[in-house]
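As a plain string of letters, each chain reads:
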There are 2 protein chains.
Amino acid sequence: MDVQRLELLRELADRGSVTAVALATHRTPSAVSQQLKVLEREAGLPLTQRQGRGLVLTDAGRALARSATDVAVSLAKATALWDEFRNQASGEVSLVTFPTAGQMLLPGVIKKLGADLVLNCADEDPELSDFPAFTAEYDIVLAHSMSGQLSWAGRGLTVVPLMTEPLDVGLPVGHPLADRVWVGPRDLVGETWIGVTDGYPFERILHAIEQEAGARLSMSQRFADLALIESFVIAGLGIALVPRYTSGGGQPGRLVLKPLRGIESERQIVALMRPDRAERLAVRTVIEELQAEAARVQQSHTEP
Amino acid sequence: MDVQRLELLRELADRGSVTAVALATHRTPSAVSQQLKVLEREAGLPLTQRQGRGLVLTDAGRALARSATDVAVSLAKATALWDEFRNQASGEVSLVTFPTAGQMLLPGVIKKLGADLVLNCADEDPELSDFPAFTAEYDIVLAHSMSGQLSWAGRGLTVVPLMTEPLDVGLPVGHPLADRVWVGPRDLVGETWIGVTDGYPFERILHAIEQEAGARLSMSQRFADLALIESFVIAGLGIALVPRYTSGGGQPGRLVLKPLRGIESERQIVALMRPDRAERLAVRTVIEELQAEAARVQQSHTEP
DNA sequence: ACGTCCATGTAGAAAATCTACACGATGTAT
DNA sequence: ATACATCGTGTAGATTTTCTACATGGACGT
């Protein structure tokens, strides 16, 4: 039984089409198809099945693909081990993030990394995209979820928590609530809100506020971009829920943040990885730096 | 990084020479040497080292070989999984045993196995040979050790206990002690003993008897073969320590067995395997049958 | 000193795997 | 309905990888 073939099956499970696997592994679709055929012949039972013009795995195929992950993990552990012997976290690591986390963490991380470890970053809009799906393409995926919510369970991905960031209420200077130490759900009814695009995780907290206060919030605008939201708040067009550590980057002093009490108001920032990639020494190094940087950010907001 | 090459490194760790690896993997020594060279070049650090006319692993090499085992295990699990899908424990399984265990267990086991699972058995003299070393050559190694003694720890082998067999005192019919229900160390001084060859595990118990009784035992002969020992006992030339379930096979009724009290007198019969081979479905099937047969033997000696 | 055993180079054979291209099936747009 | 794009899969040949056969040189035992 050949590992490369198993790996191909796993890629097929992750990416869903022969062409995608071929593209990802720098091969022609024909080569992939041939190898899968050999694997199937060796297995002695059908692993794939045509569906329309595409190809889906059978139950047996899925099971095999799952065990292929274990093989990949132990293999990655082996390579990591010998990287440790040479103690060089070399190579390239790719990463996607949603904008605010990237702005908060990445500059600090990249400065810490040695010259022989290249970190290729990209950003993706969190609402448009399925975070776990990116683990096929990128080594590390920075994602956020609300606390308690286990959005990424059960897919067999490695999840490393990086930080929990409070979500505060953002107010313009001079707002009646701006003198308060904290605000509660009842203080917030009657305000005009700048909301996030539908489906965005912050949504849940706004619903919780409504539930707690017993009234609907009036939502005038809906944006995805944080800087845009903030500019509206600063302009006095409404108030908004904003992440504590990443807000006010552009115009400091013109936005007032108030902790929200009575409601669990925070988001979890995590790193998602395919288990085998998580074992790579270079990846582990980056993760450690991400954790350190996250701790640093958190500390700098609590101490001064 | 290639798995086949890693596997070769592991074989080298197990077998100790390029030639042996080549022989075991049906290749020429040159091919093995070349692959190891490639692996070393990929690793970027020396994995092997010449010693005399042979080749030994460096620390890094040993570490890599160890992690290669994990890879082999997960790979074996994958193949086992798909064997389960076809539910066929097919293929061949090789086994070595020491004579008495083979005589006790193997006939029953082989009868239970299906026609598509071939069990190739061989026997080896336990005193001459290093049991763990056989795991390189055979899938399953039946070995015995005294209770409490962990002869096969720390080599990274899978150990499956099959049974604990009491070691009784074998007497000729008509012997003064033959009427007793059991015998103690003190009853046994003054007797003439038929002993086992030096280094044999039974040796320990004889020493324990001497220690307990406070006197040396007179040892007239030393044999390795159990049937030979028994024939001496039956002929009235002495008494001997014999395993309860395997003795008296040849001449029933002419040998009397008495339990030995006051001393832990039993041997542990175990199956030794390389971890990866232990995962194979066919191997697991044989192991299960071995356990069942062992239980059956044990039961048939306690009940009637 | 001699033969033996072992690992390792080299050259070419053998095997495995890939690319290029064609084909049929299946959706989608016009 | 027709034309077109997409997707997987065959086939033939090129490419790459890995093996064998044989030769070489060092280490050990007699």
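Residues numbered from 1 in each chain as written. Chains lettered and ligands numbered in written order. Predicted model: local features only at pLDDT ≥ 70, side-chain atom pairs only at ≥ 80, totals over all residues. Heavy atoms only, no water.

Things to note about helix H8 (residues 226-234) of chain A
All names here are of chain A. Spelled out, the test is: Only protein chains enter the accessibility calculation, which uses a 1.4 Å probe; a residue whose area is less than 20% of its type maximum is buried, one above 50% is exposed, and one in between is partly exposed. Each helix is a run of H or I in the DSSP string that is no shorter than four residues. Each strand is a run of E no shorter than two, and both are numbered from the N terminus. Throughout, the arc means that of the directions going from the helix axis to the C-beta atoms. It only takes one pair of heavy atoms within 4.5 Å for two residues to be counted as in contact. Under the rule applied, a polar contact is a pair of N or O atoms within 3.5 Å (in protein, one hydrogen donor and one hydrogen acceptor; residues adjacent in sequence only if both atoms are side-chain atoms).
If you check which residues of H8 are buried, you get Leu-226, Ile-229, Glu-230, Val-233 and Ile-234. The buried residues of H8 all sit within an arc of 135° when viewed along its axis, so they share a single face. If you follow the buried residues of H8, they end up packed against helix H5 (99-112), strand S6 (158-172), strand S7 (192-196), strand S8 (218-223), strand S9 (240-243) and strand S10 (255-258). Between a side-chain oxygen at the N-terminus of H8 and the backbone nitrogen of Ala-227 the separation is 3.1 Å; the capping residue is Asp-225. Directly after H8, the chain includes Gly-236, whose backbone phi takes a positive value near 80°.

Considering the interface of chain B and chain A
Put simply, the rule reads: Buried area adds together the accessible area that both of two parts lose upon being put together, with accessible area traced by a 1.4 Å probe. One speaks of a salt bridge when a side-chain nitrogen belonging to Lys or Arg is within 4 Å of a carboxyl oxygen belonging to Asp or Glu. Note on residue categories: nonpolar means Ala, Val, Leu, Ile, Met, Phe, Trp, Tyr, Cys or Pro, charged means Asp, Glu, Lys or Arg, and polar means any other residue, Gly included.
Taken together, the contact pairs 22 residues of chain B with 22 residues of chain A. Roughly 2000 Å² of surface becomes buried between chain B and chain A when both sides are summed, with 84% attributable to carbon and sulfur atoms. When the area that chain B buries against chain A is broken down by residue, the three leading residues are Met1(B), Trp82(B) and Phe85(B), summing to 29%. Where chain B packs against chain A, one counts zero salt bridges. Linking chain B to chain A there are five residue pairs in polar contact (both at pLDDT 80 or more). Sorting the residues of the side of chain B that touches chain A by element identifies helix H1 (3-15), helix H3 (29-43) and helix H4 (59-85) of chain B as the ones contributing at least two each. At 14 residues, the largest contribution of residues to the side of chain B that touches chain A is made by H4(B). Taken together, the residues of the side of chain B that touches chain A break down into 14 nonpolar, four polar and four charged.

A short note on unusual backbone geometry
The general pattern is negative phi for most residues beyond glycine and trans for most peptide bonds. Residue and element names in this part refer to chain A. Phi at His-26 is positive, roughly 55°, even though this residue is not glycine. Along the polypeptide, His-26 turns up in the loop between helix H2 (18-24) and helix H3 (29-43). Relative accessible area serves as the criterion here: at 73%, His-26 is assigned to the exposed category.

A closer look at the protein's contact with DNA strand D
So the rule is basically this: For this purpose, a residue is taken to be near a molecule or strand whenever a single non-hydrogen atom of the residue falls within 4 Å of it.
The environment of DNA strand D is formed by 21 residues, the closest being Val18(A), Thr19(A), Ser30(A), Arg27(B) and Thr28(B). Of everything in DNA strand D that lies within 4 Å of the protein, sugar and phosphate atoms constitute 72%. Within the side chain of Gln34(A), a nitrogen or oxygen atom sits 3.5 Å from a base oxygen of DNA strand D. Of all the secondary structure elements, the ones that give two or more residues to the surface near DNA strand D are H2 and H3 of chain A together with H3 of chain B. Looking at the surface near DNA strand D element by element, the count peaks at five residues for H3(A). In terms of residue class, the surface near DNA strand D is built from four nonpolar, eleven polar and six charged.

A word on the protein's contact with DNA strand C
The local shell around DNA strand C holds 21 residues, among which Arg27(A), Thr28(A), Gly52(A), Thr19(B) and Ser30(B) are the closest. Among all atoms of DNA strand C positioned within 4 Å of the protein, those belonging to sugar or phosphate total 73%. Between DNA strand C and Ser30(B), the relevant distance is 2.8 Å, taken from a base oxygen to a side-chain nitrogen or oxygen of the residue. With respect to DNA strand C, the side chain of Arg53(B) contributes an N or O atom lying 3.4 Å from a sugar or linking oxygen. Contributing elements (two or more residues each) for the surface near DNA strand C: H3 of chain A together with helix H2 (18-24) and H3 of chain B. The element best represented in the surface near DNA strand C is H3(B), accounting for five residues. For the surface near DNA strand C, the class distribution of residues is four nonpolar, eleven polar and six charged.

Some thoughts on helix H10 (residues 281-302) of chain B
Here is the rule we go by: To estimate how far a helix should extend, the number of its residues minus one is multiplied by 1.5 Å.
If you check H10(B), its first and last C-alpha atoms are 32 Å apart, about what 22 residues at 1.5 Å a residue would give, namely 32 Å. Buried residues of H10(B): Leu281(B), Ala282(B), Val283(B), Val286(B), Ile287(B), Leu290(B), Glu293(B), Ala294(B) and Val297(B), and no others.

Section: the pattern of salt bridges
Scanning the entire structure with this criterion turns up 36 salt bridges over all chains. Two residues, Arg5(A) and Glu42(A), come together in a salt bridge whose shortest N-O distance is 3.8 Å. Taken together, the residues Arg5(A) in helix H1 (residues 3-15) and Glu42(A) in helix H3 connect sequence positions 37 residues apart. Under the relative-accessibility criterion, Arg5(A) is labelled buried at 17%. Taking the shortest distance from any N to any O, the salt bridge between Glu137(B) and Arg15(B) comes out at 3.1 Å. Pair noted here: Glu137(B) is in the loop between strand S4 (117-123) and strand S5 (140-146) and Arg15(B) is in helix H1, with a separation of 122 residues, a long-range link. The class of Glu137(B) is exposed, set by a relative accessible area of 51%.

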